[in-house]
Every structure is written in structure tokens, then in C-alpha cells.
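Overview (structure and organization)
Here is how the chains run, residue by residue.
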Amino acid sequence: MIRLHNLRKSFGNNEVLKGINLEVDPSEVLVLIGPSGSGKSTLLRCINNLESPTGGEVTVDGEWVNRTDLKPRAFQKHINRVRTHMGMVFQHFNLFPHKTVLENILEAPTQVLHRNQEEITAEALELLDKVGLAEKKDSYPVQLSGGQQQRVAIARALAMRPSVMLFDEVTSALDPELVGEVLLVMESLAAEGMTMIVVTHEMGFAERVANRVVFMSEGQIVEEGVPKEIFSNPREERTKQFLADVLK
Amino acid sequence: MLDWQIITHYFPFLVKGAIITLEISVISLVLGLVAGLAAALCILSTNPLLHWPARFYVWIIRSTPLLVQLFIIYFGLPQFGIGLSPFWSGVLALALNTGAYNAETIRGGILAVPKGQREASRSLGMSKALTMRRIILPQALRLIIPPLGNNFVILIKDTSLVSTITLVELTLTAQRLIGSTYKPFEMYLMAAVLYAILTTGASLLLRQVERRTTWGHV
Ligand SMILES: Nc1ncnc2c1ncn2[C@@H]1O[C@H](COP(=O)(O)OP(=O)(O)O)[C@@H](O)[C@H]1O
Ligand SMILES: [Mg+2]
């Protein structure tokens, strides 16, 4: 479903991803952990080309994402289309503040996919119901709590019917008591078989939901395995150190 | 003492002048907004063929006096076979002038929209143009209404300069009436009152627009 082959990314002289090889299967939930600055966000952003890789190949759904054979204009068209298959949820929600909850969800399906307004509205209301915010459809983002905003952001991404969801520390900006409601939504999404890459520091979530945990450090994958293995029996020294730091 | 008889008698003439001033203001304002938006987008573009001409336009306008720009258009262009009426010379000069200031204002507003907004839009498959039109500009608008309003008020006041190229707007109407009445204080006072009404009206109108962009903020 997702395949990263020798993925490299540099910012100037700073090589942030040093040849990442990774495959994610359909319906797999992959949790990406690692210290701050290890390149987790950059990796996610290279998948949907919010950052363009400096080397290697990204393939999603059998489609080469970071095509280097296209002129800029053609590449823009290509990338806009490819991105409609990938949902992304950000640490700071990034809801559109000038649009209501419902308008936030309808924006891309109507403007990008040109889907029928009535049909997609019904679907959007269903999604809102699923994330427990049906009664907030006419609210503006500023009127919602962080946890509610993040659940809307998830619904907004899902409204594009993506085949993959990317989550970048989506609970890190939330007050502790609001973390649970967001994780719950992600958990039910995983149970429905969504393919997910999740960057998080919520080790409990990783243990419960992940099919596989990948530990990254300094732009490289250090260790990967099923959650039990990684958490209770890490092989690499750096993994042990990291887990000791976050779990203490 | 004020000569009230003169005031009541000549006020309608000055209102006529004020209507010309209003016309020239509104047309320049609209064209100046279009020019300002276009220049702002060009300056933000990575294409050097758009970026540098727009930068030059803003620089040249902001570093020269409006009066000289007006004279170049009205007195200078006929040398090249481009003769515009006083009205359209005035509109052109004012629109180009306010457009340059609007460009800086609009550019600043666009840059002030958090970059997460662009990223969220692009991650949903929205194109650059769609993102700008539907997500960035509406949010920038909210930030730039106050400084744009400032530009509008300056524009209205600057229209008095077109009196120098024989367009009989508010200021020139007052001047001409002084020639026959010898009442400069009354005439200029009425002109000042009418300018104040126009600029205050513009500010109030903009506050209404601003109120529509609160999006749930109280
Ligand atoms: N846009 C950028 N420009 C320059 N450096 C960046 C940029 N984004 C990330 N970096 C650098 O890349 C490294 C990895 O960052 P990031 O992927 O955000 O790590 P993580 O998400 O694991 O904390 C950091 O050293 C960061 O400073
Ligand atoms: Mg990060």
C-alpha cells in the first residue's frame, strides 16, 4: 500500500532522512516513534509530498508519488490528484477558521472532487456523528475545544475517502483530559481497517492498536517489530534509552 | 461670522463636486484593489517574470509623489499619443497609486495567515490557486481590512490633487466659487465637511465588512 524506498530528505546541508526503507500493508496500523527531531514529521510529509524528497521513491497505492519525470505544472496536477487518496491530520488541527464545522468537511470533496452537494452533505453528517460531533455542525472552529477540533479534522480528512491516513502527533497539543476522545476515534478507525501511519508519544495507544511499531532516530529506522516485542524486549540500545525516557 | 446665506446657497454646488469626488474615488478604489491584489500575488509568485515587474511597480509608485505621477499621465502621455481626459487621467493615477499601497497591505495579510492553513488545504488535494482563493485570501481579508480602510481614506483625500488637472471635483468647485463669492473660509469649510463625510462613510462601511468576518469570535 505504502512503499518507501531509500527515501532521503535534506534541508540544506542537514540530512534529516538518511535512506528510509519501509512498507505498509493495507489495513496495517504502523506507529512511528522516536525522539524529537529524528525526522518523523518529515517522513510523513514526504509521503504526501508536503516536503519533496531529495532522493528515493515514495509509492502509494501502486502510484509513484514523488515523480521526477514531470514538468512542474504536470507534477502539480499529479500531486493534487494523488493527495486526494491520503488524509493527513496535524498536531495543530489546522481547521479553516472562516468555515463552520460542516463547511470544513465539505470544502475539499465539493471543490476538488466536485461531488454532489447533497450526497456529500449526508456523508459528512454521518462522519460527524461517528466522531461524536453531529450537534456541532454549524459551529465555528474557535467555538470548539481542542479535542473537538481534532475530531473534526479527522472527519475532514475522511470525507475524501482516503485509502491511507497519516497522523502527526495529533494529541500533543491537547490538554491531557482531551487526549482520550481523539485516540478513541483513531482506534475505531483502525478497527474498521483503515491503513494508518501514526506518529505519537502515546505508548498505550501504540501497544493497543499498532500492528507494528517503528523506532526512528537521527533520520534512520533503528528497530521495528510488533508492539510487544519493541516495548518489552527492545534489542537496540537507542530504543531502550528512548523508551526509558518516555515511559518513566 | 460665518455667512450662512452663502453657505445655504452654494452648498448644493459643492455637493455636486463631492459627487464627482465620490465617483472618482469609488472607481479608483475598485481598480486599485484589483491592481493591489494582482501585484501582491505577483510579488509572492516564484516566477521572476511576475515577481520583479510587480516589485518595480510598487517601488516606483511608493518612491515618487502622486502629483508627479498625475502630471506624467495627464501632461506627459499625450506626447506619445495617449491623451486621457482629466477624469480618466485622475482615475488612472489614483488607481495605480493606491494599488501599490494595497499590494503591500495585501501581501502582508497573505503572509500572516498561518502556514498550517496552506498545508491542510494542499494535503486535501486542493491546488495552489484554490487554496489561495478559498482558504488564504478570506483569512487575509480579515487581517487587512483595517489597513485597507486606511488606504481608502487616504485615496479619498488624495482625489483633491486632480483639481490641478482641471477636473471640477470638490476642491476645484470650491476654488471656483471663491472666485465669484470671495468667501474662501465658507467654501473651504464646506469642502472639508464634505470630505469628512465621505471618509467617515467609507470607514463605517468597512467596519460593517469587518463585522462579517468574525467567524464565531465574539
Ligand atoms: N522546513 C524545514 N526546514 C529546515 N529544517 C527542517 C524543516 N523541517 C524540519 N527540519 C529539521 O529536520 C529535523 C527533523 O524534524 P522533524 O521531521 O520535524 O522531526 P520530528 O517530527 O521527529 O520531531 C529537525 O532537525 C528539524 O529542525
Ligand atoms: Mg514532528
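Just so it is clear, the structure is predicted and the values come from calculations on it, not from any experiment.

Calculation notes
Residues numbered from 1 in each chain as written. Chains lettered and ligands numbered in written order. Predicted model: local features only at pLDDT ≥ 70, side-chain atom pairs only at ≥ 80, totals over all residues. Heavy atoms only, no water. Pairing = 2+ DSSP bridges. Helix = DSSP H or I, 4+ residues; strand = E, 2+ residues; numbered from the N terminus. Contact = heavy atoms within 4.5 Å. Axes fitted to C-alpha atoms, helices over the stretch in contact; angles between N-to-C directions. Near = heavy atom within 4 Å. Polar contact = N/O pair within 3.5 Å; in protein donor to acceptor, adjacent residues only side chain to side chain. Areas by Shrake-Rupley, 256 points an atom, 1.4 Å probe, with all protein chains shown as cover. Nonpolar A, V, L, I, M, F, W, Y, C, P; charged D, E, K, R; others polar. Phe/Tyr/Trp six-rings, centres within 6.5 Å; stacked < 30°, edge-to-face > 60°. Buried < 20%, exposed > 50% of the residue type's maximum accessible area, 1.4 Å probe, protein only. Lys NZ or Arg CZ within 6 Å of the ring centre and 35° of its normal. Expected span 1.5 Å × (residues − 1). Arc of directions from axis to C-beta. pLDDT = per-residue confidence, 0-100. Buried area = accessible area lost by both parts, 1.4 Å probe. Salt bridge = Lys/Arg side-chain N within 4 Å of Asp/Glu carboxyl O.

**Side note on the sheet that holds strand β5 (residues 63–64) of chain A**
Residue and element names in this part refer to chain A. Across the sheet, which stays open at both edges, the 4 strands sit in the order β2-β1-β4-β5 with antiparallel pairing between neighbours. The sheet is open, and its two edges are formed by β2 (14–24) and β5, each paired on a single side. Examined bridge by bridge, strand β4 (residues 55–60) and β5 share 2 bridges and lie antiparallel to one another. Residue pairing across strands places Val-60 opposite Glu-63, the latter belonging to β5. Relative to the sheet, helix α1 (residues 40–47) contacts β1 (2–11), β2 and β4, its axis offset from that of β1 by approximately 120°.

**Thoughts on the site of ligand 1**
Residues and elements named next belong to chain A. If you check the shell around ligand 1, you find Phe-11, Asn-14, Val-16, Pro-35, Ser-36, Gly-37, Ser-38, Gly-39, Lys-40, Ser-41, Thr-42 and Glu-51 and nothing else. In the environment of ligand 1, an oxygen atom lies 2.8 Å from a nitrogen or oxygen atom belonging to the side chain of Lys-40. Thr-42 places a side-chain nitrogen or oxygen 2.5 Å from an oxygen atom of ligand 1. Its free accessible area being 560 Å², ligand 1 has 59% of it covered by the protein chains. Counting residues per element, the ones that place at least two in the shell around ligand 1 are β2 and α1. Counting residues per element, the shell around ligand 1 draws most heavily on α1, which supplies 3 residues. Grouping the amino acids of the shell around ligand 1 by side-chain chemistry returns 3 nonpolar, 7 polar and 2 charged.

**Focus: the environment of Arg-142 of chain B**
All names here are of chain B. For Arg-142, the position within the fold is in helix α6 (residues 128–158). In this structure the C-alpha to C-alpha distance between Arg-142 and Tyr-10, which are 132 residues apart in sequence, comes to 41 Å. Look past the residues within four positions of Arg-142 in its chain and what remains in contact with it is Thr-213, Thr-214, Trp-215 and His-217. Reaching out from Arg-142, the side chain makes a polar contact with the backbone oxygen of Thr-213 at a distance of 3.1 Å.

**Observations concerning the packing of aromatic side chains**
This structure, assessed with the given rule, holds 6 aromatic pairs over all chains. For the ring pair Phe-215 of chain A and Phe-242 of chain A, a centre distance of 5.2 Å and an interplane angle of 40° mean the geometry is tilted. With a gap of 27 residues between them, Phe-215 of chain A in strand β9 (residues 212–217) and Phe-242 of chain A in helix α9 (residues 237–247) connect regions that are remote in the sequence. In this structure Phe-242 of chain A comes out as buried when scored by relative accessible area, which is 8%. Ring geometry for Tyr-74 of chain B and Phe-75 of chain B: centres 4.9 Å apart, planes at 75°, overall edge-to-face. Residue class for Phe-75 of chain B comes out partly exposed when judged on its relative accessible area of 48%. Each residue in the set Phe-71, Tyr-74 and Phe-75 of chain B is aromatic and connected to the rest through ring pairs, giving one cluster. Of note, Arg-156 of chain A hangs over the ring of Phe-96 of chain A, and the distance from its end group to the ring centre comes to 4.5 Å.

**So, helix α2 (residues 48–62) of chain B**
Residue and element names in this part refer to chain B. For α2, built from 15 residues, the straight-helix expectation of 21 Å at 1.5 Å per residue is met to within 8% by its first-to-last C-alpha distance of 21 Å. Within the span of α2, buried status applies to His-51, Ala-54, Tyr-57, Val-58 and Ile-61. Axial view of α2: buried residues confined to an arc of 135°, hence all on one face. Facing away from the buried surface of α2 by more than 90 degrees, the exposed residues are Leu-49, Trp-52 and Trp-59. Residues of α2 that are buried make contact with α1 (4–44), α3 (66–76) and α4 (86–112). N-cap assignment for α2: the residue whose side-chain oxygen lies 2.9 Å from the backbone N of Leu-49 is Asn-47.

**Considerations on the pairing of β2 of chain A**
All names here are of chain A. Pairing analysis gives 8 bridges linking β1 to β2, with the strands arranged antiparallel. Of the residues in β2, the one forming a bridge with Phe-11 is Asn-14. Adjacent in sequence and paired antiparallel, β1 and β2 are bridged by 2 residues, among which Gly-12 carries a positive phi angle near 60°.

**Topic: the side chain of Asn-80 of chain A**
With respect to the element layout, Asn-80 of chain A can be found in helix α2 (residues 72–83). Its relative accessible area of 12% is what places Asn-80 of chain A among the buried residues. Among residues more than four places away in sequence, those in contact with Asn-80 of chain A are Arg-122, Gly-125, Met-126 and Ser-127 of chain B.

**Focus: the confidence of the model for chain B**
Across chain B, pLDDT averages 95, with 100% of residues at or above 70. Our summary of model confidence lists the complex with pTM equal to 0.90 and ipTM equal to 0.94.

**Some words on unusual backbone geometry**
The backbone phi angle of His-114 of chain A is positive, close to 50°, even though this residue is not glycine. Residue classification places His-114 of chain A among the exposed residues on the basis of a relative accessible area of 61%.

**What to know about the interface of chain A and chain B**
Counting from both sides, the interface comprises 26 residues of chain A and, opposite them, 21 residues of chain B. When chain A packs against chain B, close to 2100 Å² is buried across both sides, 58% of that on carbon and sulfur atoms. Among the residues chain A hides against chain B, the three largest losses belong to Phe-96, His-98 and Gln-111 of chain A. Together they make up 25% of the total. At the junction of chain A and chain B, the tally comes to 2 salt bridges.

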